[in-house]
Amino acid sequence: MSDNTKIRIEDFGFYYGDTKVLTDISFNITKNTITAIIGPSGCGKSTLLRTFNRMNELLGNARVEGNVEIDGKDIYKSGVDVVELRKKVGMVFQRPNPFPKTIYDNVAYGPRLHKKYSKNTLDMIVEDSLKKAALWDEVRHKLNKSALDLSGGQQQRLCIARVLAVDSEIVLMDEPASALDPISTQKIEDLIIELRKNYTIIIVTHNMQQAARVSQKTAFLLMEEQGKAAKLIEYEDTKKIFTYPSDKRTEDYITGRFG
């Protein structure tokens, strides 16, 4: 494994009960890149995304085959601390989901859960995380106000700050801008591009333009027949996928012929 490989997924398959949802998926993700996962609705994009922090297990009756390694360690091996894994691999959901607490307490929640910090250190973590999430200037004077009073776009950036506050290294984003207006979407995209300097980011998106704008690599998933497991059809540099894909099915999807 090269020094720059952050995630390696090999011969991966995923089952809900007896139903195989994903099959034969293999690719490597390099550190400090943004990878977009694209494909038609229902083809397992979110399931693949949740593979990297084992959140699929919360649904019960799930099992995997193959290997998923982060920093060379198999994350599905018995004895893996899933709490530590989810600290390292943070998740931002489709709809903003701030806690019904103050802005400050939303960001401080994770750090308090993992460790006892002094008030001074916690203040610094909250400020630093909000700055990284490009939200500090907008909320610095109302940290004790409810997070639910923020706009949708601000709430989503707050949720990103919450992930960053626990020193995540990988950030998973499941259509993070799909519930937002165009101006808020632009802010989220700018933020994603900025975060790449320090984080490895994987984003599921239905928006082809968004995938083309923010990512360096793109993975195209497709369920070739209804009821069959989805496969990885192509994984390439985003520019190549969007200009001259190797597979006709990728081209058909990107140009809107199906999906």
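Going by the structure above, here's the rest.
Keep in mind the model is a prediction, meaning the values are calculated, not measured. (Residues numbered from 1 in each chain as written. Predicted model: local features only at pLDDT ≥ 70, side-chain atom pairs only at ≥ 80, totals over all residues. Heavy atoms only, no water.)

(A) Looking closely at the overall build of the protein chain. Helix and strand content of the protein chain: 10 helices and 10 strands. Over its C-alpha atoms the protein chain spans a radius of gyration of 19 Å, differing by no more than 12% from the 18 Å that the globule rule assigns to 259 residues. If one aligns the C-alpha atoms of the protein chain with their principal axes, the spans along those axes are about 55 × 45 × 35 Å. A buried classification covers 50% of the 259 residues belonging to the protein chain. Taking the contacts inside the protein chain whose residues are at least 6 apart along the sequence as the reference set, 68% of them involve residues at least 24 apart. Element-wise, carbon and sulfur atoms account for 46% of the exposed surface of the protein chain, whose accessible area totals about 12,700 Å². Mean positive and mean negative side-chain charge positions of the protein chain (38 and 35 charges, respectively) differ by 4 Å. (Helix = DSSP H or I, 4+ residues; strand = E, 2+ residues; numbered from the N terminus. Rg over C-alpha atoms; globule rule 2.2 N^0.38 Å. Buried < 20%, exposed > 50% of the residue type's maximum accessible area, 1.4 Å probe, protein only. Contact = heavy atoms within 4.5 Å. Areas by Shrake-Rupley, 256 points an atom, 1.4 Å probe, with all protein chains shown as cover. Lys, Arg positive; Asp, Glu negative; His and termini not counted. Charge placed at Lys NZ, Arg CZ, Asp CG, Glu CD.)

(B) Quick look at the sheet that holds strand β5 (residues 73-74). Spatially, 4 strands are ordered β2-β1-β4-β5 in an open sheet, and the strand pairing comes out antiparallel. Because the sheet does not close on itself, it has two edges, and the strands there are β2 (19-30) and β5. (Pairing = 2+ DSSP bridges.)

(C) Focus on the environment of R54. The topology assignment puts R54 in the loop between α1 (45-51) and β4 (62-70). R54 sits 102 residues away from Q156 along the chain, and the two C-alpha atoms are 22 Å apart. Look past the residues within four positions of R54 in its chain and what remains in contact with it is I75, Y76, K77, V80, V82, L85 and R86.

(D) Examining the nonpolar core more closely. Counting residues in hydrophobic clusters, the biggest one holds 45 residues, and the most contacted among them are I103, L130, L158, I160, V171, M173 and I201. The biggest single contributor to this core is helix α6 (residues 152-164), with 5 residues. Among residues more than four places away in sequence, those in contact with I160 are V92, A133, M173, I188, L191 and L195. (Core = buried A, V, L, I, M, F, W, Y, C linked by side-chain atoms within 4.5 Å.)

(E) Looking closely at unusual backbone geometry. Of note in this structure, N61 is not a glycine but carries a positive phi near 60 degrees. Counting through the fold element by element, N61 comes out in the loop between α1 and β4. N61 sits in the exposed class, given a relative accessible area of 65%. Notably, D71 is not glycine yet its phi reads approximately 55 degrees, a positive angle. Here D71 lies in the loop between β4 and β5. A residue is classified by how much of its surface remains accessible, and D71, at 33% relative accessible area, is partly exposed.

Any link to function would need more than the numbers given here.
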